[in-house]
Amino acid sequence: MKKIQIALIGTALALCAPLALAQSATKIKVGLMLPASGTYAALGTAIENGFKLYVAEQGGKLGGREIEYARVDDESDPAKAVDNVNKLLKRDNVDVLVGTVHSGVATAMAKVAKETGTLFIDPNAGADAITGSMCAPTTFRSSFSMWQSAYAMGEVMAAKGYKNVVTITWKYAAGDESVRGFKEAFEKAGGKVVKELNVPFPNVEFQPLLTEIAATKPDAVYTFFAGAGAIKFVKDYAAAGLKKSIPLYGSGFLTDGTLEAQGADAEGLLTTSHYADGLGSARDNAFRQAYAKAYKMEPDVYAVQGYDAAQMLAIGLNAVKGDLTKKAEFAMALEKAKIDSPRGPFTLSRSHNPVQDIYLRQVVGKQNKIIGVASKALADPGRGCTM
Ligand code: BEZ
């Protein structure tokens, strides 16, 4: 190499070095869009706690860059969703979007994230479309699709010999899709959903529908409710005298983060979920200890999903050494990764949804105790994803 070429390369490197240094010195701003009020407020807190716990365990840095936060309370209100995402993107200039709990709000977030090419991690909302028809190279989910736990429960209830089931849920994407996933498996196995009952979200006036269930006399009931609504539903179901006569089943959200308030009315309920109490792995034990120490309470499925959202961000950021412009490399690292979750290790499907075991759990005291694996390494079909 000629002297002049060496000199030019030297100059170029000297010019680049401050740039690289400047980048590693700047912080990555994570936009947390979660509910801090309303029926899903506790779920938002658990997700945020889990996320921040993982980041704190890494010394506050991922991919060599310090993490800082901007936050909005999305109120689980789809009508305010686009304005709220834009607050994070335009007012706060966040680099990454993390959120949210409610499927209708998350779907709006996913759309804006896709249109703007912003990295987006969904730490709860299960709307099938997020990793289905709306899938994107920069969209990832650390939680589940509504189809997953519902489909697994359809198989469980069919295997128990139930023939006629009534479903009851909130009328919005998460409820509709939970019932659809349940029905797909249950009817494939010979059962029949005889009635689909709904209340508008976040309404908790269940009484007329409980009267209708009593009159219909199905073999069992399948339900999706979560947060404060799930607490009220389980209590009302027992108070109506139905718990003894018509067995109640649900996706795990029915009894997650709710048992303290549901008390004896939840005892014995069977649910399906990608997390359970009593897994007993070293990974889960360490997570539970750290969470209890940091927040003086037990973690639930939402805390795990928040923790894993941060882990997924770390995997991507480590692969690109903190350089978020390298989106293809970021995605490739996650597509190849085995994520070491407290729930058990999982990988991501082609459409970026966890491929994971779905546990069958039973409420014993204040715990959703694992009683088996209902569906091993269940992958959401990712319908409509053309990525
Ligand atoms: C949802 O809207 O996707 C959802 C909300 C709470 C728990 C699970 C799913």
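So, how was this worked out
- Residues numbered from 1 in each chain as written.
- Predicted model: local features only at pLDDT ≥ 70, side-chain atom pairs only at ≥ 80, totals over all residues.
- Heavy atoms only, no water.
- Helix = DSSP H or I, 4+ residues; strand = E, 2+ residues; numbered from the N terminus.
- Rg over C-alpha atoms; globule rule 2.2 N^0.38 Å.
- Buried < 20%, exposed > 50% of the residue type's maximum accessible area, 1.4 Å probe, protein only.
- Contact = heavy atoms within 4.5 Å.
- Areas by Shrake-Rupley, 256 points an atom, 1.4 Å probe, with all protein chains shown as cover.
- Lys, Arg positive; Asp, Glu negative; His and termini not counted.
- Charge placed at Lys NZ, Arg CZ, Asp CG, Glu CD.
- Phe/Tyr/Trp six-rings, centres within 6.5 Å; stacked < 30°, edge-to-face > 60°.
- Lys NZ or Arg CZ within 6 Å of the ring centre and 35° of its normal.
- Core = buried A, V, L, I, M, F, W, Y, C linked by side-chain atoms within 4.5 Å.
- Pairing = 2+ DSSP bridges.
- Near = heavy atom within 4 Å.
- Polar contact = N/O pair within 3.5 Å; in protein donor to acceptor, adjacent residues only side chain to side chain.
- Nonpolar A, V, L, I, M, F, W, Y, C, P; charged D, E, K, R; others polar.
- Disulfide = S-S within 2.5 Å.
- Axes fitted to C-alpha atoms, helices over the stretch in contact; angles between N-to-C directions.
- Parallel < 35°, antiparallel > 145°, perpendicular 65-115°, else oblique.
- Expected span 1.5 Å × (residues − 1).

### Things to note about the overall build of the protein
Line of reasoning, step 1. Tallying secondary structure elements over the protein gives 13 helices and 14 strands in all.
Line of reasoning, step 2. Over its C-alpha atoms the protein spans a radius of gyration of 22 Å, differing by no more than 12% from the 21 Å that the globule rule assigns to 387 residues.
Line of reasoning, step 3. When its C-alpha atoms are laid out on the principal axes, the protein stretches across 90 × 40 × 35 Å.
Line of reasoning, step 4. The 387 residues of the protein split such that 55% are buried.
Line of reasoning, step 5. Long-range contacts, defined as pairs at least 24 residues apart, comprise 69% of the intrachain contacts of the protein with a sequence gap of at least 6.
Line of reasoning, step 6. For the protein, the exposed area adds up to about 15,600 Å²; of that, 57% sits on carbon and sulfur atoms.
Line of reasoning, step 7. Separation between the mean location of the 44 positive side-chain charges and that of the 39 negative ones in the protein comes to 4 Å.

### Re the packing of aromatic side chains
Line of reasoning, step 1. The final tally for this structure, using the stated rule, is 22 aromatic pairs.
Line of reasoning, step 2. Residues Tyr162 and Tyr249 carry aromatic rings whose centres are separated by 5.6 Å and whose planes lie at 65° to one another, so their mutual orientation is edge-to-face. In this pair, Tyr162 is assigned in the loop between α5 (146-159) and β7 (164-171) and Tyr249 in strand β10 (residues 248-251), connecting sequence segments 87 residues apart. The burial state of Tyr162 is the same as that of Tyr249; both residues are buried.
Line of reasoning, step 3. Grouped by ring-pair contacts, the aromatic residues Tyr40, Trp170, Tyr172, Phe201, Phe206, Phe225, Phe233 and Tyr237 constitute a single cluster.
Line of reasoning, step 4. The aromatic ring of Tyr69 is capped on one face by Lys52, whose charged end is 4.7 Å from the ring centroid.

### As for the nonpolar core
Line of reasoning, step 1. Formed by 74 residues in total, the largest nonpolar core has its most connected members in Tyr40, Ile213, Phe224, Phe225, Phe233, Leu313 and Phe330.
Line of reasoning, step 2. Sorting elements by how many residues they give to this core places helix α12 (residues 301-319) first, with 11 residues.
Line of reasoning, step 3. Setting aside residues no more than four positions away along its own chain, Ile213 makes contact with Val166, Ile168, Leu197, Pro218, Val221, Leu242 and Ile246.

### Some points on the sheet that holds strand β2 (residues 61-62)
Line of reasoning, step 1. Spatially, β2-β3-β1-β4-β5-β6 is the arrangement adopted by the six strands of the open sheet, whose pairing is mixed. The sheet terminates laterally at β2 and β6 (139-141), the two strands that pair on one side only.
Line of reasoning, step 2. Judged from the three bridges that link them, strand β4 (residues 96-99) and strand β5 (residues 119-122) form a sheet pairing that is parallel. Within β5, the residue paired with Val98 across the bridge is Ile121.

### Looking at the site of the ligand
Line of reasoning, step 1. The ligand sits among 16 residues. The nearest are Val101, Ser103, Gly126, Tyr172 and Ala174.
Line of reasoning, step 2. Measuring from an oxygen atom of the ligand, one finds a backbone N or O atom of Gly126 at 2.9 Å.
Line of reasoning, step 3. One of the side-chain N or O atoms of Tyr172 is found 2.5 Å from an oxygen atom in the ligand.
Line of reasoning, step 4. Relative to its unbound accessible surface of 260 Å², the ligand loses 100% to contact with the protein.
Line of reasoning, step 5. In the shell around the ligand, the residues fall into 12 nonpolar, four polar and no charged.

### Notes on the state of the cysteines
Line of reasoning, step 1. Scanning all chains against the criterion turns up one disulfide.
Line of reasoning, step 2. Between the sulfur atoms of Cys135 and its disulfide mate Cys385 the distance is 2.1 Å. When the S-S torsion is 85°, as for the bridge of Cys135 with Cys385, the disulfide is right-handed. Of the two residues, Cys135 sits in the loop between β5 and β6 while Cys385 sits in the segment after β14 (367-378), which places them 250 residues apart along the sequence.

### So, the packing of helix α2 (residues 41-57) against helix α11 (residues 282-295)
Line of reasoning, step 1. Contact geometry of α2 with α11 gives a least axis separation of 11 Å together with a crossing angle of 105°. Accordingly, the angle class assigned to the pair α2 and α11 is roughly perpendicular. Facing Ala46, Asn49, Gly50, Lys52, Leu53 and Glu57 of α2, the residues of α11 in contact are Phe287, Ala290, Tyr291, Ala294 and Tyr295.
Line of reasoning, step 2. Grouping the amino acids of the contact of α2 with α11 by side-chain chemistry returns seven nonpolar, two polar and two charged.

### As for helix α4 (residues 103-116)
Line of reasoning, step 1. Taking 1.5 Å per residue, 14 residues should reach 20 Å; α4 reaches 20 Å between its end C-alpha atoms and fits that length.
Line of reasoning, step 2. Inspection of α4 places Ser103, Val105, Ala106, Ala108, Met109, Ala110, Val112 and Ala113 among the buried residues, and these make up the whole buried set.
Line of reasoning, step 3. On its buried face, α4 sits against β1 (28-34), α3 (81-91), β4, β5 and α6 (173-188).
Line of reasoning, step 4. Gly117 sits one or two positions beyond α4 and adopts a positive phi of about 70°.

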